[in-house]
Amino acid sequence: MPQFAKLKVGDALPERRRTADTVTLFMFNAAIWNPHRIHYDHPYTTEVEHHPALLIDGPLIGDWLSQTVLEWLGEDGELTFFRYSNRKAAYVNDEVVTGGNVAAIDADKREVTLSLFVRDKDGDNITPGGARVRLRA
Amino acid sequence: MEPLLTPEIRSAIGRSLPPLKVEVHRSDIRKYAVATGQRLRKYTDGDEAPPLLLFGLFRPVVPRERMRPDGIQEDTALIPVLPLKRIMAGGVETEYHRPIRAGDVLVATQRLVELYEKEGSSGPLIFIVTENRVETEAGDLVAVERTTRIAR
């Protein structure tokens, strides 16, 4: 719950660990109606498309990243812009950490720009992102 | 090397689909909220949709016989048949103008914004950029979403 007057560039958002098992992959792909086999068919994924394991959907990782912003924001403002870019794959049961920090503050508009990351076990930012939020007066 | 994107394929850039209408149900929001591990009450109760629910809201629903062997539902009405077949998520950027709530009836206009090719580390890639402009039935702007997919 950010207090606008106290925010500083560089302030960190709370981090959250995330992982997707096969049940989560099933639920997410059912929810978005995505029958792409690389998210649930292990023999097809490894033998035909030659991935090491089932892939976590890029948009699921994007959603996890958006939650970093939404949970920090709570009811104190609104999300006006969000972007993410899937740069490196994550696989079923991999653990990643989502987080970010304040990149810019526009006092007149009460707008905050955030820089976001999804870090994997190698320390790579597999899904960089950004967001803009407007805090209520 | 010959470009993968022929003039015929490139002629699809800029085309749009007739508007699609979708009703947002509380049960859809609740399922998405569980699947994505939301913790805010307004999402888990299904009153308001997590902003990224938009990604799946207007995805095509095609009969089984029209799905590809890999399970992808090819949306040839918007994206032309491409010479590269393996599709990966690239990313999404969205401007949000108003939250989506249970019971909303939303209208989306989808447009093919861009197709371009790049040489990747393991071969050529085609980038497919689509835009989804979402409004309420009354014409109020809800969100403008740009999605990038990568074919390899």
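Look up a bit, the structure's there.
Just so it is clear, the model here is predicted, and its values are computed rather than measured.

1. Considering the overall build of chain A
At step 1: Helix and strand content of chain A: three helices and five strands.
At step 2: Along chain A, from the amino end to the carboxyl end, the secondary structure elements read β-α-α-α-β-β-β-β.
At step 3: Each of the three principal axes of chain A carries a C-alpha extent, and together these read 55 × 30 × 20 Å.
At step 4: Looking at the 137 residues of chain A, the share that counts as buried comes to 39%.

2. So, the overall build of chain B
At step 1: Check the secondary structure of chain B and you find four helices and five strands.
At step 2: Mapped in sequence order, the helices and strands of chain B form the string α-β-α-α-α-β-β-β-β.
At step 3: Its C-alpha atoms give chain B principal-axis dimensions of roughly 55 × 30 × 30 Å.
At step 4: Across the 152 residues that make up chain B, the buried fraction comes to 24%.
At step 5: Restricting to contacts in chain B with at least 6 residues of sequence separation, those with at least 24 account for 68%.

3. Looking at the pairing of strand β5 (residues 129–135) of chain A
Residue and element names in this part refer to chain A.
At step 1: Strand direction decides the pairing type here: strand β2 (residues 77–85) and β5, joined by seven bridges, are antiparallel. Directly across from Phe82, in β5, lies its bridge partner Ala131.
At step 2: In this structure, strand β4 (residues 111–119) lies alongside β5, joined through six bridges in antiparallel fashion. Note that in β5 the partner of Thr113 across the bridge is Arg132.

4. A closer look at the environment of Leu106 of chain B
At step 1: Looking at where Leu106 of chain B falls in the secondary structure, it is placed in strand β3 (residues 105–120).
At step 2: Placed 31 residues apart in sequence, Leu106 of chain B and Glu137 of chain B show a C-alpha to C-alpha distance of 6.0 Å.

5. Side note on the packing of helix α1 (residues 22–31) of chain A against helix α2 (residues 26–36) of chain B
At step 1: Axis separation between α1 of chain A and α2 of chain B bottoms out at 8 Å; the angle between their running directions is 150°. Considering how the two elements wind past one another, α1 of chain A and α2 of chain B form a crossing that is left-handed. Each of Thr24, Met27, Phe28 and Ala31 of chain A in α1 of chain A lies in contact with α2 of chain B, whose residues at this interface are Lys31, Tyr32, Val34, Ala35 and Thr36 of chain B.

6. As for the interface of chain A and chain B
At step 1: Taken together, the contact between chain A and chain B spans 29 residues of the former and 29 residues of the latter.
At step 2: When residues of the side of chain A that touches chain B are traced back to their parent elements, those giving at least two are α1, α3 (58–73) and β2 of chain A.
At step 3: Strand direction decides the pairing type here: β2 of chain A and strand β2 (residues 87–96) of chain B, joined by five bridges, are antiparallel. Opposite Phe82 of chain A, over in β2 of chain B, you have Thr94 of chain B as the bridge partner.

7. Description of α1 of chain A
The periodicity of an α-helix, 3.6 residues per turn, causes residues three or four positions apart to be oriented the same way.
Residue and element names in this part refer to chain A.
At step 1: Where α1 is concerned, the buried positions are Thr24, Leu25, Phe28, Asn29 and Ala31. One side of α1 carries all its buried residues, which in axial view fall inside an arc of 160°.
At step 2: Looking one or two places after α1, you find Trp33, whose phi comes out positive at around 55°.

Here is what the cut-offs are and how they apply
- Residues numbered from 1 in each chain as written.
- Chains lettered and ligands numbered in written order.
- Predicted model: local features only at pLDDT ≥ 70, side-chain atom pairs only at ≥ 80, totals over all residues.
- Helix = DSSP H or I, 4+ residues; strand = E, 2+ residues; numbered from the N terminus.
- Buried ≥ 20, exposed ≤ 12 C-beta atoms within 10 Å, placed from the backbone.
- Contact = placed C-beta atoms within 7 Å.
- Pairing = 2+ DSSP bridges.
- Axes fitted to C-alpha atoms, helices over the stretch in contact; angles between N-to-C directions.
- Left-handed = near helix turned anticlockwise from the far one by under 90°.
- Arc of directions from axis to C-beta.

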